[in-house]
Amino acid sequence: MHATVLAPSILAGDHANLASSAQSVESLGIPWIHLDIMDGHFVPNLTFGPQTVAALRKISGLFFDTHLMLDEPQRYIEPFAKAGSNLISIHIEPVYDHTSTLARIRELGCQNGIVLNPGTPAEAIEPLLDKVDLVLVMTVQPGFGGQPFRRDMLPKIARIARWREERGLTFRLEVDGGIDLKTGPECRAAGVDTFVAGTSFFGASDKAAVAKTFAGW
Ligand code: DX5
Ligand code: ZN
């Protein structure tokens, strides 16, 4: 079982000063940060691109967990790898060659991840489980921070965790959406080791206490 990791989502940070948001994470000794990339097609929202990731890379030693919410992620993995992403995760829902894109992410020197939306069954990613470093189960419909946690995703999380154990696989199991000090432990109990937290981290008055609690699970 992996040690738990908190990946604060910079989506909930200060977009006029992303550097200070990243530094507030790093200064607490949190190793990861989650970067949400949205194209306005796969999800009805837009964020930022490789240029911003490269600028953050210059001021940060954090592990960049880059979540691509794009219709054509295969077109953008190289720019994000070159910009300094450490892990690039891609959604299963759009039609493209998932297997070769996952392999290409590794060739570019990054870890890879596969992501499922709430409406997508675990079986959709089952054939890819031995080809990934991380599985990300969305616990909200992606596009916006601050939405309520989808508790009905817990059986799907548990099923993926069970496959991991039965097959002796070592991918990380990550959740994203509505994760806080209440919902996090429910996910931990289902087998999650990697927690994205936007609102509950950046909205907290005592971020150090939040980081400490997540690290203790
Ligand atoms: C949503 C993004 C999330 C978002 C989570 O589409 O993928 O990473 O930042 O935000 P919270 O933690 O506020 O639900
Ligand atoms: Zn995300």
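Residues numbered from 1 in each chain as written. Chains lettered and ligands numbered in written order. Predicted model: local features only at pLDDT ≥ 70, side-chain atom pairs only at ≥ 80, totals over all residues. Heavy atoms only, no water.

K.L.:
Mind showing me how you'd approach the coordination of the zinc ion (ligand 2) here?
P.N.:
Tetrahedral coordination by four donors places them ideally at 109.5 degrees to one another around the metal; octahedral coordination by six donors ideally gives 90 or 180 degrees. Protein coordination at the zinc ion (ligand 2): the donors are H34 (NE2), D36 (OD), H67 (ND1) and D176 (OD), at 2.0 to 2.3 Å from the metal. Considering all six donor atoms around the zinc ion (ligand 2), the spread of angles at the metal, 69 to 168°, places the coordination shape in the octahedral class. Here the donor residues of the zinc ion (ligand 2) are spaced in sequence according to H-x1-D-x30-H-x108-D. Separated by 142 residues along the polypeptide, H34 in strand β2 (residues 32-38) and D176 in strand β7 (residues 172-176) bring together distant segments of the chain. A relative accessible area of 0% places H34 in the buried class. (Donors = N, O, S within 2.8 Å, 3.2 Å for Na, K, Ca; no water. Tetrahedral: all angles 85-135°; square planar, octahedral: opposite > 155°, others 65-115°. Helix = DSSP H or I, 4+ residues; strand = E, 2+ residues; numbered from the N terminus. Buried < 20%, exposed > 50% of the residue type's maximum accessible area, 1.4 Å probe, protein only.)

K.L.:
Could you clarify how one ought to interpret the sheet that holds β2 in this entry?
P.N.:
Strands pair in a sheet through their backbones, by hydrogen bonds, and they do so in one of two ways: parallel or antiparallel. The eight strands are arranged β1-β8-β7-β6-β5-β4-β3-β2 in an open sheet whose pairing can be described as parallel. Strands with a single pairing partner mark the edges of an open sheet, and in this sheet they are β1 (5-8) and β2. Going across the sheet, the axis of each strand differs from the next one's by a mean of 25°, ignoring polarity. Strand direction decides the pairing type here: strand β6 (residues 134-138) and β7, joined by five bridges, are parallel. Following the sheet pairing, M138 is matched in β7 by D176. (Pairing = 2+ DSSP bridges. Axes fitted to C-alpha atoms, helices over the stretch in contact; angles between N-to-C directions.)

K.L.:
I tried to follow the pairing of strand β3 (residues 63-69) on my own but got confused; where do I start?
P.N.:
Note on strand geometry: in a regular strand, side chains alternate between the two faces of the sheet. With respect to burial, β3 is a largely interior element, seven of its seven residues being buried. With burial as the criterion, each face of β3 is covered, one bearing F63, D65, H67 and M69 and the other bearing F64, T66 and L68. Between the parallel pair β2 and β3, the chain is carried across by helix α2 (residues 50-59), and the sense of this crossover is right-handed. Taken together, the four bridges between β3 and strand β4 (residues 87-91) define a ladder with parallel strand orientation. Residue D65 lies in a different strand from β4, and its bridge partner there is L87. Tracing the backbone out of β3, into helix α3 (residues 77-83) and back to the parallel element β4 gives a crossover that is right-handed. (Right-handed = clockwise from strand over helix to strand, strands pointing away.)

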